[in-house]
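Chain by chain, the residues:
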Amino acid sequence: MVGQANIPVPTAFIEHRREWTAHKLGHMDLICSACHALHWQAERPQNRTRAKAGTFQACCKHGDVIVERMRALPEPLNTLMTGQDSQSRLFRQHIRRWNTLFAFTSISCNANARTGTTGQGLQLFQIHGAIYHQKGPLVPPGGRDALFSQIYLYNPVEAAQARYARAPTLDVTIIESLTRMLQQVCSYIQLYLTVRERFAQLSEQEPDLRIILNPELSLIVESGADMRRETLPTANEVALILPGEYGRGGFRDIVLAERVNGEVPDNGLTIINSNHASYLPLHYVLLFPYGEPGWHWARTLENQDGNRQNLRMSQRTFFRFRMHTRTDEPATLMRSQRLFQQLVVDAWAACDQNKLNWLRTNQAKLICTMVLLMYCNKAM
Ligand SMILES: [Zn+2]
């Protein structure tokens, strides 16, 4: 909403509300000729050449961003996400609960409870501070119930029962059918089963052992005091091999199973790095049920005009591409209601945390630039 041009509306003056006029953007019916994203007339580029070409900056940087499209959802998830029957509507209304039930990782953040309540009015997802995705040990410590990824190690019938025990108010038939669906399509389930089998074989012989999913999406076994390395076979869908240069820095690894001095760490919660390609699919399982990779360091931009100095695709650029609605891919994210709000907040926090980390680790470079600028200003 905006105020009329000749009537300045003082901030927080409710009495002036009736004087506001609706801000109409018209129909979102312009299609980017490069990536098929839908835009409003007001987003049309000012540059004549760009306008003639019919490409836009916000969605794909005029064709320089190429990201794989969202795949059509498998059934019955597709019907639940698109259907207009009461069961599908109820599913979407509680989609965050449903997603948590199937997620491999838990989410940790300070959510604002006041804006998160259901009922009348605008629904928001608001957090304070940072947001983390966490992963527990591969198998639950003795006597405790399985949670998150641990449930995927059960057979489908037991897994559905374990999920129903965690959420008895949700429809058990939907839990069973989604469990069966994910067993068929989700590539991470096979990967976790491979890790459990290998971990069981090795844990008797090896006092120190780690199985990690590295940033190149390969499974690596590290064992012994000298951390000998072995690469395990990975499911084809997950084994998107990324250039090795992007894998440097063990802090980006995801530790799937660990044994230190012969013991399995008790609660062993580890934080998943938001730069890892599995960050999105391991939590947003209902949005990326096939395990499609998210943003990672190996994503690059095209350079159609030849003017780009830096070809690295930023995390922000990736999310901007992902969040546009297109004519050639299903609008899964837009249909996911409060889960979409959570994803947007998560993406924003990840981009912000990355920026702050860069500032923290590049202080020397920043100080050098500042000193140089001061020197130049003095010399002029
Ligand atoms: Zn575009």
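In this numbering scheme, every chain counts its residues from 1 along its sequence in written order. Only residues with pLDDT of at least 70 get local features here, since the model is predicted, and only at 80 or more are side-chain atom pairs given and counted; chain-wide, interface and lining totals rely on the full set of residues.

(A) Fine view of the overall build of the chain. Helix numbering and strand numbering both begin at the N terminus, where a helix is a DSSP run of H or I of at least 4 residues and a strand a DSSP run of E of at least 2. Scanning the chain from terminus to terminus reveals 14 helices and nine strands. When the 380 residues of the chain are sorted by exposure, 28% land in the buried category. Our contact criterion uses C-beta atoms placed from the backbone: two residues qualify when those atoms are within 7 Å. Within the chain, contacts between residues at least 6 apart in sequence are counted, and of these 59% link residues at least 24 apart. For every residue, the other C-beta atoms within 10 Å of its own C-beta are counted; 20 or more classify it as buried, 12 or fewer as exposed, and values in between as partly exposed. C-beta atoms are placed from the backbone.

(B) Up close: the sheet that holds strand β3 (residues 106–111). Strand pairing is defined by DSSP finding a minimum of two bridges between the two strands. The three strands are arranged β3-β4-β9 in an open sheet whose pairing can be described as antiparallel. Looking at the sheet topology across the chains shown, the edges are occupied by β3 and β9 (270–272). Here the strands of the sheet are splayed against their neighbours by 40 degrees on average, with no regard to which way each runs. As paired strands, strand β4 (residues 127–135) and β9 are joined by three bridges and run antiparallel to one another. Counted as the bridge partner of K135 is T270 from β9. Helix axes are fitted only over the stretch in contact, all axes being lines through C-alpha atoms; the angle between N-to-C directions runs from 0 to 180 degrees.

(C) Molecular detail of the sheet that holds strand β6 (residues 219–223). In space, the four strands of this open sheet follow the order β7-β6-β5-β8, with antiparallel pairing throughout. Each edge of the open sheet carries a strand with a single partner, namely β7 (228–232) and β8 (254–259). Across the sheet, the axes of successive neighbouring strands diverge by a mean angle of 20 degrees, strand direction being ignored. With five bridges connecting them, strand β5 (residues 209–213) and β8 associate as antiparallel partners. Counted as the bridge partner of I211 is A257 from β8.

(D) Geometry of the environment of I174. Counting through the fold element by element, I174 comes out in helix α8 (residues 172–185). Residue I174 is classed as partly exposed on the basis of its C-beta count, with 19 C-beta atoms lying within 10 Å.

(E) Structural context of the packing of helix α5 (residues 95–102) against helix α13 (residues 337–361). Taken N-terminus to C-terminus, the directions of α5 and α13 make an angle of 70 degrees; their axes are 7 Å apart at the nearest point. Of the possible angle classes, the one that applies to α5 and α13 is roughly perpendicular. Contact residues: I95, R96 and N99 in α5; Q337, R338, L339 and Q342 in α13. All residues other than Ala, Val, Leu, Ile, Met, Phe, Trp, Tyr, Cys, Pro, Asp, Glu, Lys and Arg, Gly among them, are scored as polar; the first ten of these are nonpolar and the last four charged. Grouping the constituent residues of the contact of α5 with α13 by class yields two nonpolar, three polar and two charged. Throughout this description, any angle smaller than 35 degrees is read as roughly parallel, any larger than 145 degrees as roughly antiparallel, any in the 65 to 115 degree range as roughly perpendicular, and the remainder as oblique.

(F) Highlighting the environment of L280. Residue position: L280 is located in helix α10 (residues 279–283). The class for L280 is buried, based on 25 C-beta atoms found within 10 Å. In this structure, the C-alpha to C-alpha distance between L280 and G291, residues eleven residues apart in sequence, is 8.6 Å. If we skip the residues at most four places from it in the chain, L280 touches F288 and G294.

(G) Molecular detail of the environment of H94. Structurally, H94 is set in the loop between α4 (86–93) and α5. Classification of H94 by C-beta neighbours within 10 Å gives partly exposed; the count is 16. For the pair formed by H94 and L339, sequence separation is 245 residues and the distance between their alpha carbons is 8.9 Å.

(H) The arrangement of the packing of helix α7 (residues 156–166) against α8 in detail. Relative to each other, α7 and α8 sit at 135 degrees, their axes nearing to 9 Å. What the angle tells us is that α7 and α8 run oblique. Crossing hand, α7 versus α8: right-handed. Residues P156, A159, A160, R163 and Y164 of α7 lie in contact with α8, whose contacting residues are V172, I175, E176, T179, R180 and Q183. Split by residue class, the contact of α7 with α8 holds six nonpolar, two polar and three charged. Put simply, a crossing is left-handed when the front helix is turned counterclockwise from the back one by less than a right angle, and right-handed when it is turned clockwise.

(I) Quick peek at unusual backbone geometry. Residue P76 is reached from E75 by a cis peptide bond, and omega for that bond is 5 degrees. In this model, H36 sits at a positive phi of 65 degrees, which is unusual for a non-glycine residue. Its place among the elements puts H36 in the loop between β1 (30–31) and β2 (38–39). Positioned with a positive phi, H62 is a non-glycine residue whose angle comes to about 55 degrees. Mapped onto the elements, H62 comes out in the loop between α2 (57–60) and α3 (77–82). Note on H62: 22 C-beta atoms within 10 Å, which makes it buried.

(J) Just the nonpolar core, in detail. We call a set of buried Ala, Val, Leu, Ile, Met, Phe, Trp, Tyr and Cys residues a nonpolar core when their C-beta atoms link them within 7 Å. In terms of nonpolar packing, the biggest core is built from 50 residues, with F102, V195, I211, L256, Y284, V285 and L286 touching the most fellow members. If sequence neighbours within four positions are ignored, L256 has contacts with L138, V195, I211, I212 and L213. Ranked by size, the runner-up nonpolar core spans ten residues in total, among them A34, C35, C60 and V65.

(K) Layout of α5. Residues of α5 that are buried: I95, W98, N99, L101 and F102. Angular distribution of buried residues about the axis of α5 spans 155 degrees; they occupy a single face of the element. Of the surrounding secondary structure, the elements contacted by the buried residues of α5 are α4, α7, α8 and α13. Each C-beta atom gives one direction from the helix axis, and the arc is the one those directions make.

(L) Seen up close, the pairing of β4. As defined by bridge partners, β3 adjoins β4 across six bridges and the pair is classed as antiparallel. Counted as the bridge partner of N110 is H128 from β4.

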